Amino acid sequence: MILVTGGAGFIGSNFVLDWLAQGGEPLLNLDQLTYAGNLENLASVEGDARHLFVRGDIGDSELVAGLLRQHRPRAVLHFAAESHVDRSILGPAEFVETNVVGTFRLLEAVRAYWRELPEGEARAFRFLHVSTDEVYGTLGPDDAAFSETNAYAPNSPYAASKAASDHFVRAYHHTYGLPTLTTNCSNNYGPFQFPEKLIPLMIANALDGAALPVYGDGRQVRDWLYVGDHCAALRRVLEAGRPGATYNIGGWNEKANIEVVHALCDALDAAVPKAGAGYRAQIKFVADRPGHDRRYAINAGLIERELGWKPAHTFETGLRRTIAWYLDHAGWVANVRSGEYKKWMERNYGDRDGLRSALPVK
Ligand code: NAD
Ligand code: TYD
């Protein structure tokens, strides 16, 4: 079997569902169920005996050691993390705790387990660390896209914590020979993404008639990848990636934030027309994110050349699917926006340039 950490979050749950749908072997899903973890994402595999869920912390060394001993996975795919830049700005400590210390403790438990495996199993074992393009810092408008050899230059506490975890993974390969794989992926979007991130936040606010808060001038550029394509890339890296290697994963799809928001508004105008002005009228430019990285771009040439992976979705097809999913899952959105979510919206947006009155009140 394989062990997945963070498999109740956005990308992790998409990975678990895809893995099982493609006839993958049983998997153990270790997730602490923080605000971002949601068992509702996994409702469709509730009765599937191949999915074993354990609620727990990657930093709980005893728990992880026991699970490894008992289930003897052939691979660990490490998704669990604190993942939202704005939360890292307002409260960086948890990012250090989970992303740095948690990953370190997980690596220690995995190293102890791996050391005791029979030679053939030890050689075939993989630790796949799921990371982000944000570790490379920011690009100017004409700079070449990030390649695997770019120097690390993280700018947010989130990016710094992921960079630190990447360095530990690298060191465990270099020093102890642990067969690691690291992937650095660009911005994902798709089903089950928590509506604190740009795309699901804008869809939810638009449908509420609330403000669409664009930070700064909205000209920051991100590369966007449909989550199903990311999952396919991870399966391929697990299958054929070179131990110790890093692969950048991206969609060849750079867009300024304002373009993304316009595309969302136009698609919603067509799908859910409303009286009067279209959804673009709800756009509000608000105070920028401190230290906001201007541009990310991924050169995904290595994974294409070496492993034959390319994204299957364009931004248009991925966005269409994503919007359809959110429109079909209003109950899921309502559930995740209750409780803690309201406090987060107030904390992150309450003081941004008179936006308070425009916050969704549901
Ligand atoms: P997410 O915030 O949606 O989910 C994170 C999951 O990890 C949640 O289910 C949460 O309960 C769990 N978790 C958090 N702390 C834990 C702990 N201490 N022990 C066990 N479980 C814990 O995140 P996501 O967007 O699905 O991202 C998954 C991974 O992919 C992260 O490592 C992130 O850095 C990376 N990544 C994300 C993106 C993106 O666009 N979302 C892009 C590139 C890389
Ligand atoms: P986000 O989805 O938080 O991902 P990341 O910060 O990891 O790239 O944000 C994507 C872009 O959208 C980023 O440039 C910040 C911007 N943004 C807004 O303009 N308004 C918002 O309310 C949010 C959440 C993000």
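For every chain, the first residue of the written sequence is number 1, and numbering continues from 1 onward in sequence order. Each chain gets a letter, beginning with A, and each ligand a number, beginning with 1, in the order they are written. The predicted nature of this model means local features are confined to residues of pLDDT at least 70 and side-chain atom pairs, given and counted, to a pLDDT of 80 or more, with totals for whole chains, interfaces and linings taken over all residues. In computing side-chain values, all of the structure's heavy atoms are included and hydrogens and water are not.

**Q** I tried to follow the sheet that holds strand S10 (residues 246–249) on my own but got confused; where do I start?
**A** Remark on secondary structure: sheet strands pair via backbone hydrogen bonds, oriented parallel or antiparallel. Pairing is parallel across the open sheet formed by 7 strands, whose spatial order is S3-S2-S1-S4-S5-S6-S10. Both outer strands of the open sheet, strand S3 (51–55) and S10, are each paired with one neighbouring strand and no more. Averaged over neighbouring strand pairs, the angle between their axes works out to 20 degrees when direction is ignored. Pairing between strands is defined by DSSP: at least two bridges between the two strands are required. Helix and strand definitions here come from DSSP, where helices need a minimum of 4 consecutive H or I residues and strands a minimum of 2 consecutive E residues; each element is numbered from the N-terminal end. As defined by bridge partners, strand S1 (residues 2–5) adjoins strand S2 (residues 27–31) across 4 bridges and the pair is classed as parallel. Bridging from a neighbouring strand, Thr-5 pairs with Leu-30 of S2. Along the sheet, helix H4 (residues 93–115) makes contact with S1, strand S4 (75–78) and strand S5 (126–132), crossing S5 at roughly 170 degrees. Lines fitted to C-alpha atoms define the axes, with helix axes restricted to the stretch in contact, and inter-axis angles between N-to-C directions lie between 0 and 180 degrees. What makes two residues a contact is simply this: any of their non-hydrogen atoms within 4.5 Å.

**Q** What's the story with the side chain of Asp-31 in this structure? I'm lost.
**A** Mapped onto the secondary structure, Asp-31 falls in strand S2. Relative accessibility thresholds used throughout: buried, under 20% of the residue-type maximum; exposed, over 50%; partly exposed, between the two (1.4 Å probe, protein chains only). By the counting rule applied here, Lys and Arg register as positive and Asp and Glu as negative, while His and the ends of each chain are not counted. Every case where a carboxyl oxygen of Asp or Glu lies within 4 Å of a side-chain nitrogen of Lys or Arg is listed as a salt bridge. Among buried charged residues, Asp-31 stands out as having no salt bridge; its nearest opposite-charge side chain is Arg-55, 6.8 Å away. A polar contact of 3.4 Å, which involves the side chain of Asp-31, links it to the backbone nitrogen of Gly-7. Look past the residues within four positions of Asp-31 in its chain and what remains in contact with it is Gly-6, Gly-7, Ala-8, Gly-9, Gly-37, Phe-53, Val-54, Arg-55 and Gly-56. Under the rule applied, a polar contact is a pair of N or O atoms within 3.5 Å (in protein, one hydrogen donor and one hydrogen acceptor; residues adjacent in sequence only if both atoms are side-chain atoms).

**Q** Can you walk me through the pattern of salt bridges in this structure?
**A** Opposite charge on two side chains permits them to pair, given that their charged atoms come into close proximity. Applying the stated criterion across every chain yields a total of 16 salt bridges. Linking Arg-87 and Glu-196 is a salt bridge whose minimum nitrogen-to-oxygen distance equals 2.6 Å. With Arg-87 in helix H3 (residues 85–90) and Glu-196 in the loop between strand S7 (187–189) and helix H7 (198–208), this pair connects stretches of sequence that are 109 residues apart. What makes Arg-87 buried here is its relative accessible area of 9%. Between Arg-87 and Glu-340 there is a salt bridge, and its shortest N-O distance comes to 3.0 Å. Of this pair, Arg-87 sits in helix H3 while Glu-340 sits in helix H13 (residues 340–349), and the two are 253 residues apart along the sequence. By relative accessible area, which is 35% here, Glu-340 ends up partly exposed.

**Q** Mind showing me how you'd approach the site of ligand 1 here?
**A** Inspection of the region around ligand 1 gives 28 residues, with Ile-11, Asp-31, Ser-83, Tyr-158 and Lys-162 positioned closest. Contacts to ligand 1 include Thr-34, whose backbone N or O atom sits 3.0 Å from an oxygen atom. Here an oxygen atom of ligand 1 sits 2.7 Å away from a polar atom, N or O, in the side chain of Lys-162. Note on areas: Shrake-Rupley with a 1.4 Å probe; residue coverage comes only from the protein chains shown. Considered on its own, ligand 1 offers 840 Å² of accessible surface; in the complex 97% of this is hidden by protein. Elements represented by at least two residues in the shell around ligand 1 include exactly helix H1 (10–21), S5, helix H6 (157–176) and S7. Examining the composition of the shell around ligand 1, we find that 3 residues originate from one element, S5, more than from any other. Residue classes follow a fixed rule: Ala, Val, Leu, Ile, Met, Phe, Trp, Tyr, Cys and Pro count as nonpolar, while Asp, Glu, Lys and Arg count as charged, and any other residue, Gly among them, counts as polar. Along the lines of polarity and charge, the residues of the shell around ligand 1 split into 12 nonpolar, 13 polar and 3 charged. We call a residue near a molecule or strand whenever a single non-hydrogen atom of that residue lies within 4 Å of it.

**Q** Please clarify how H7 should be interpreted in this entry.
**A** Residues three or four positions apart in an α-helix share a direction because the helix packs 3.6 residues into each turn. Buried residues dominate H7, accounting for 8 of its 11 residues. Buried within H7 we find Ile-199, Pro-200, Leu-201, Met-202, Ile-203, Ala-204, Asn-205 and Ala-206. Positive phi shows up at Gly-209, right after H7, with a value of about 75 degrees.

**Q** I tried to follow the pairing of strand S9 (residues 221–226) on my own but got confused; where do I start?
**A** For a regular strand, the rule is simple: side chains alternate between the two faces of the sheet. Most of S9 sits out of view: 6 of its 6 residues are buried. On S9, burial covers both faces: Val-221, Asp-223 and Leu-225 on one face and Arg-222, Trp-224 and Tyr-226 on the other are all buried. Sheet analysis places S7 next to S9, joined by 3 bridges and oriented parallel. Note that in S9 the partner of Asn-188 across the bridge is Leu-225. Pairing of S9 with strand S11 (residues 254–256) involves 3 bridges; the strand directions are antiparallel. Looking at the pairing, Asp-223 lines up with Glu-254 of S11.

**Q** Sorry if this is basic, but what is going on with the environment of Glu-316 here?
**A** Counting through the fold element by element, Glu-316 comes out in helix H11 (residues 315–328). Exposure remark for Glu-316: the relative accessible area of 48% places this residue in the partly exposed category. Taking the C-alpha atoms as reference points, Glu-316 and Ala-267, 49 residues apart in sequence, are found 9.8 Å from one another.

**Q** Is there a simple way to explain the state of the cysteines in this structure?
**A** Here is the idea: a disulfide is a covalent bond, and it sits between the sulfur atoms of two cysteines. In this description, a disulfide is simply a cysteine sulfur pair whose atoms lie within 2.5 Å. Summed over the entire model, instances satisfying the criterion amount to 0 disulfides. Summary of cysteine pairing: Cys-231 is not part of a disulfide, and the nearest cysteine sulfur, belonging to Cys-185, is at 9.4 Å.

**Q** Is there a simple way to think about the packing of aromatic side chains in this case?
**A** In this description, an aromatic ring pair is defined by two values, namely the gap between the centres and the angle between the planes. The aromatic pairing rule takes the rings of Phe, Tyr and Trp, using the six-membered ring of Trp, and pairs them if the centres are within 6.5 Å, calling planes under 30 degrees apart stacked, those over 60 edge-to-face and the rest tilted. Taken as a whole and judged by the stated rule, the model has 20 aromatic pairs. For the ring pair Phe-95 and Tyr-158, a centre distance of 6.3 Å and an interplane angle of 80 degrees mean the geometry is edge-to-face. Taken as a pair, Phe-95 in helix H4 and Tyr-158 in helix H6 lie far apart in primary sequence, 63 residues in all. Judged by relative accessible area, which is 2%, Phe-95 ranks as buried. Overall, Tyr-158 belongs to the buried group, its relative accessible area being 9%. Each ring, one from Tyr-189 and one from Trp-224, has its centre 6.3 Å from the other, and the planes form 75 degrees; the classification is edge-to-face. You can see Tyr-189 sitting in strand S7 and its partner Trp-224 sitting in strand S9, a full 35 residues away along the chain. No difference in accessibility class separates Tyr-189 from Trp-224, as the two residues are buried.

No statement about biological role is implied by the geometric values presented.
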